[in-house]
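Read off the chains here:
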Amino acid sequence: MKGYAGRLLRVDLSSGTITKEKIPDEYLRDYIGGTGLAARYLYDEIPVNGDVFDENNKLFFSVGPLNGKQFPTSGRCNVSCRSPLTGIWLDSSWSGRFGYNLKRAGYDAIIIEGKSPRPVYLYINNEQVELKDASAVWGKMTSESLKGIYEECGISRASCCTIGPAGEKMVKTGCIIGDTTKAAGRGGSGALMGSKKLKAIYVYGSQNPEVPDEDVWRKVVKEINTKIKENKTSQGLKAYGTGVAMAMADQTGDAPIKNWTLGKWDGFAKVNGIAMAKTILKKHKPQCFACPIRCARYVEIDEGEYQMKGEGPEYEAMAALGSMCLNDNLESVAYANFLCNEYGIDVISTGSAISFAMEAYEKGILAKKDTDGIELTWGNVEAILAMIRKIANREGIGDLLGQGVREAADVLGQGTEDFAIHVKGLELPMHDPRAFFAFGPTYATSPRGGCHLRGYVGGFDGVGVMPEAGLNEPQDPHASEGKGFLAKIVQDYCAVFQSSVICFFTLYAVTPTDLAKALTAATGISYDAQKVLKAGERIFNLQRAFNNRLGLTSADDVLPERLLTSTIGGPNEGILPNFEEQMKEYYELRKWEDDGRPSKEKLRELGLDFVISDLYG
Amino acid sequence: MICMVKFKVRLYGLIPDEFMIKELTLPEPFNLERLEKEIIKRFGDRIHTDYISDQGLLNHQLVRVGDPSGKRLDYGYDISEIEEIWFIVPITGG
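Residues numbered from 1 in each chain as written. Chains lettered and ligands numbered in written order. Predicted model: local features only at pLDDT ≥ 70, side-chain atom pairs only at ≥ 80, totals over all residues. Heavy atoms only, no water.

Novice: I would appreciate a short explanation of the overall build of chain B in the present structure.
Specialist: On a plain count of helices and strands, chain B comes out with one helix and four strands. Going from N to C terminus, chain B has its helices and strands arranged as β-β-α-β-β. Over its C-alpha trace chain B gives a radius of gyration of 13 Å, about what one expects of a compact globule, namely 12 Å for 94 residues. Principal-axis analysis of the C-alpha atoms places the extent of chain B at approximately 50 × 30 × 20 Å. The long-range fraction of contacts in chain B, counting pairs at least 24 apart against all pairs at least 6 apart in sequence, stands at 49%. Averaging the coordinates of the 12 positive side-chain charges in chain B and doing the same for the 16 negative ones gives two points 3 Å apart. (Helix = DSSP H or I, 4+ residues; strand = E, 2+ residues; numbered from the N terminus. Rg over C-alpha atoms; globule rule 2.2 N^0.38 Å. Contact = heavy atoms within 4.5 Å. Lys, Arg positive; Asp, Glu negative; His and termini not counted. Charge placed at Lys NZ, Arg CZ, Asp CG, Glu CD.)

Structural data, given as structure tokens:
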């Protein structure tokens, strides 16, 4: 089938065997690639019982039909597994150019199974695939690991992804860092790599994936690239990076403050993308393959205690390590972000866990004796940096916090579950459902737990339309009605983005009709907008079924009570969504049963008949 | 006697690639309608057309207007005592 390599690599780390397998055409046609393809394979291959670190949990790295050529933002790669942090479905992706190389090496996916007896890395150079000794880089920070492997393998334009010390120690918020400092951050895929003693994957590919007609393909790519470039939001992101949203947070109330309690924080004036551009931003260096947006920031701090060079903090890091902890020192936020990347831990979960611990400390549940003498007070920069190190090294209280706030609250008790802010074990991203009501049902139902990207409603709630799905006018962000609908259509659409393995920021410009055109040009399969959205719905529901089979029900589709309580001050004080109404609307549109399972009728409609007997007996 | 009032406006996201803080002076009292006309007069050629309404004002379906505390502002009343007025098109980061 055009647009695909049509095969995957299966790597059994226990035996050291590597095989190349054909992927059934119908899997590619029905699930596109990326997270969709991962769902189809892992639904069959990951057992529903057992510990997440058992050797039968698998990692699935995958790309889609748009990767491997010049499609905008197509350097990305998806990774899926059963999450060490949440115990349920996980997909995550990172940018750079790994996905480009993997596809050009001639593979749509890599399945990693078993456990290696010793540290290894996977080496892929087109047809040459082997496991190599990783003892020289085991224990190294991510930048040193990447440098070591790049030097050892020596192919210019190759890509590598690695884990850091945190992943090796199986910190459940351990992430994968690719190419330079691009993170597949959420859910602990790095911890699973660590448990398998797989330090890294190095890939180089030199084949040009076939499309039905190169001229048509190039024309479509050019059209979409221009559309993205000219999009008004793309231009804002290019000018100031994602951190620009922090500059607006006083008005939107989007960024959480002090563990989701306050609505107003003076620190937004200091910690934001515009402030960064005026201070520590050094170059506007393109860092992601074929990206016309270029939101990434390169920063340097040459003096003082927070010296670093590298990727600057994104919005999520600015909020998680800034406003959540009341830290208004931008340089320290950049340094804390740098440390997270170096150790290989997720900045959102890490900032959230530190914020959680600060609240526990304030309430007297944690004391100095529990923190090895660290004053875990709000805004204490040294405490934040010390906690990052403790989490990454599993030292003292850091060992507990690195298991996520849900597990930390289970252990600490004393009412800490009231301020452990997560959905299904995944710490929430830095977007407040009291500011944009559509985030409520999105977080509550995302297949990987509380997530804003498996339904990037931020690109629509109050700002965008999607006529192909019936959204013709931007909605009022503070209206509850219609937000079940919005969450559903954007989740379906984002499932296709994650399966095509392209960046969500292109979604401001790329419509379902555009994406259909691109998928058609890549594969020769005739797509239209409805077919694209239907594929997204199929993928979303299969991931839902994956979770249902693990025991997930409607009782898990909730928001933390704190997020249904007013902020203290700020633009959204006293404004709350009617979450129950939103969820009722959502469930009706999804055609899910009251217990949270997709109905048999819906499963049949989506061609997911094979799931019915698993869910209904 | 006409009394002039000096104040700041923040235009965040209306001009896609430029986020600016500008100092303006207007005779008091003035309302939001008057202020938006002034903004469009000065910056209208750079403001994205989606953000300008058919009435020649800012499109409040997409543009949010607030005081420094984040309280939303609307037409029809004197706003000349507010020292800083924000006009934003929200971006929800990454």
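Novice: What is the right way to look at the side chain of S349 of chain A in this model?
Specialist: Residue and element names in this part refer to chain A. With respect to the element layout, S349 can be found in helix α14 (residues 347–362). A polar atom in the side chain of S349 sits 3.1 Å from the side chain of D346. In contact with S349, other than residues within four places in its own chain, are L85, T173, R186 and E427. (Polar contact = N/O pair within 3.5 Å; in protein donor to acceptor, adjacent residues only side chain to side chain.)

Novice: How should the pattern of salt bridges be read in this particular structure?
Specialist: Once the charged atoms of two side chains with opposite charge are near each other, the side chains can pair. All names here are of chain A. Going through the model one piece at a time under the given rule, you end up with 52 salt bridges over all chains. Of the charged contacts, one joins E113 and K58 as a salt bridge, the two residues approaching to 2.9 Å between their closest N and O atoms. Taken together, the positions of E113 in strand β6 (residues 109–113) and K58 in the loop between α2 (34–45) and β3 (59–62) put the pair 55 residues apart, joining distant regions of the chain. For the residue pair E113 and K58, the accessibility class agrees, reading buried in each case. A salt bridge links K264 to D250; its shortest N-O distance comes to 3.5 Å. Note that K264 is positioned in the loop between α10 (249–252) and α11 (273–278) and D250 in helix α10, a separation of 14 residues in sequence. Look at K264 and you get partly exposed, because its relative accessible area is 32%. Judged by relative accessible area, which is 10%, D250 ranks as buried. (Salt bridge = Lys/Arg side-chain N within 4 Å of Asp/Glu carboxyl O. Buried < 20%, exposed > 50% of the residue type's maximum accessible area, 1.4 Å probe, protein only.)

Novice: Looking at this structure, I do not really get unusual backbone geometry. What am I missing?
Specialist: Apart from glycine, the bulk of residues carry a negative phi angle, and the bulk of peptide bonds sit in the trans form. The linkage connecting E28 of chain B with the following residue, P29 of chain B, adopts the cis geometry, with an omega of -5°. In this structure, D179 of chain A takes a positive phi of about 60° despite not being glycine. Relative to the helices and strands, D179 of chain A resides in the loop between β10 (176–178) and β11 (182–184). What makes D179 of chain A buried here is its relative accessible area of 10%. A positive phi angle, near 55°, is found at Q414 of chain A, a position not held by glycine. By secondary structure assignment, the location of Q414 of chain A is in the loop between α17 (405–412) and β16 (422–423).

Novice: Explanation requested: the sheet that holds strand β2 (residues 18–27) of chain B in the structure shown.
Specialist: Hydrogen bonds along the backbone pair up the strands of a sheet, which may run parallel or antiparallel. Residue and element names in this part refer to chain B. Pairing in this open sheet of four strands is mixed, and the strands run β2-β1-β4-β3 from one edge to the other. For this open sheet the edge positions go to β2 and β3 (64–66), each flanked by a neighbour on one side alone. Ignoring strand direction, the axes of neighbouring strands in this sheet form an average angle of 20°. Alignment of strand β1 (residues 4–15) against β2, held across nine bridges, turns out to be antiparallel. By the bridge assignment for β2, I15 is matched with E18. (Pairing = 2+ DSSP bridges. Axes fitted to C-alpha atoms, helices over the stretch in contact; angles between N-to-C directions.)

Novice: Mind showing me how you'd approach the sheet that holds β6 of chain A here?
Specialist: Residue and element names in this part refer to chain A. The strand order across the open sheet built from six strands is β2-β1-β6-β3-β4-β5, with neighbouring strands paired in mixed fashion. Strand pairing shows two members of the sheet lacking a second neighbour, β2 (17–22) and β5 (89–94), which therefore form its edges. Between one strand and the next, the sheet's axes are offset by a mean angle of 20°, whatever the strand orientation. Sheet topology note: the β3/strand β4 (residues 77–82) ladder contains three bridges and is antiparallel. The residue of β4 that forms the bridge with S62 is N78.

Novice: Could you clarify how one ought to interpret the domain arrangement of chain A in this entry?
Specialist: How big an interface is tends to be reported as the loss of accessible area on association of its parts. All names here are of chain A. You can read the domains of chain A as domain 1 (7–204), domain 2 (241–410) and domain 3 (439–558 + 578–616). Contact with domain 2, which involves five residues of that partner, is made by four residues of domain 3. Ranking the residues of domain 2 by area buried against domain 3 places T242, I293 and E316 at the top, with a combined share of 61%. Between domain 2 and domain 3 we count one residue pair in polar contact (both at pLDDT 80 or more) in total. Looking at the side of domain 2 that touches domain 3, its residues break down into two nonpolar, one polar and two charged. (Domains from an automatic or database assignment. Buried area = accessible area lost by both parts, 1.4 Å probe. Nonpolar A, V, L, I, M, F, W, Y, C, P; charged D, E, K, R; others polar.)

Novice: Which parts of the structure should I look at to understand the nonpolar core?
Specialist: General note: in soluble globular proteins, nonpolar side chains tend to be found buried as a group. Residue and element names in this part refer to chain A. I388 and L515 are the most contacted members of the largest nonpolar core, which totals 173 residues. Once residues within four sequence positions are removed from consideration, I388 is found in contact with L321, A336, L339, C340, Y343, I345, T350 and I354. Counting residues in hydrophobic clusters, the runner-up holds 33 residues, among them A105, Y107, V120 and C161. (Core = buried A, V, L, I, M, F, W, Y, C linked by side-chain atoms within 4.5 Å.)

Novice: What am I meant to see in the interface of chain B and chain A here?
Specialist: At the junction of the two partners, chain B supplies 24 residues and chain A supplies 35 residues. When chain B packs against chain A, close to 2600 Å² is buried across both sides, 59% of that on carbon and sulfur atoms. Area buried by chain B at its contact with chain A is led by I91, T92 and G94 of chain B, which between them contribute 27% of it. Among the elements of the structure, β2, β3 and β4 (84–88) of chain B are those that each provide at least two residues to the side of chain B that touches chain A.

Novice: Help me out: how do you make sense of the packing of aromatic side chains in this one?
Specialist: For any pair of aromatic rings, the description consists of the separation of the ring centres together with the inter-plane angle of the planes. Residue and element names in this part refer to chain A. This model, assessed by the stated rule, comprises 28 aromatic pairs over all chains. Taking the centre distance of 6.2 Å and the plane angle of 40° together, the rings of F71 and W217 count as tilted. Here F71 is found in the loop between β3 and β4, whereas its partner W217 is found in helix α7 (residues 214–230), with 146 residues between them in sequence. Across this residue pair, the class does not change: F71 and W217 are buried. Between the aromatic rings of F356 and F419, the centroid separation amounts to 5.3 Å while the plane-to-plane angle is 40°, which identifies the pairing as tilted. Here the residue F356 occupies a position in helix α14, and F419 occupies one in the loop between α17 and β16, the gap between them amounting to 63 residues. Owing to a relative accessible area of 0%, F356 belongs among the buried residues under this scheme. For F419, a relative accessible area of 2% gives the class buried. Sitting over the face of the ring of F610, R40 holds its NZ or CZ atom 3.9 Å from the ring centroid. Sitting over the face of the ring of Y527, K531 holds its NZ or CZ atom 5.3 Å from the ring centroid. (Phe/Tyr/Trp six-rings, centres within 6.5 Å; stacked < 30°, edge-to-face > 60°. Lys NZ or Arg CZ within 6 Å of the ring centre and 35° of its normal.)

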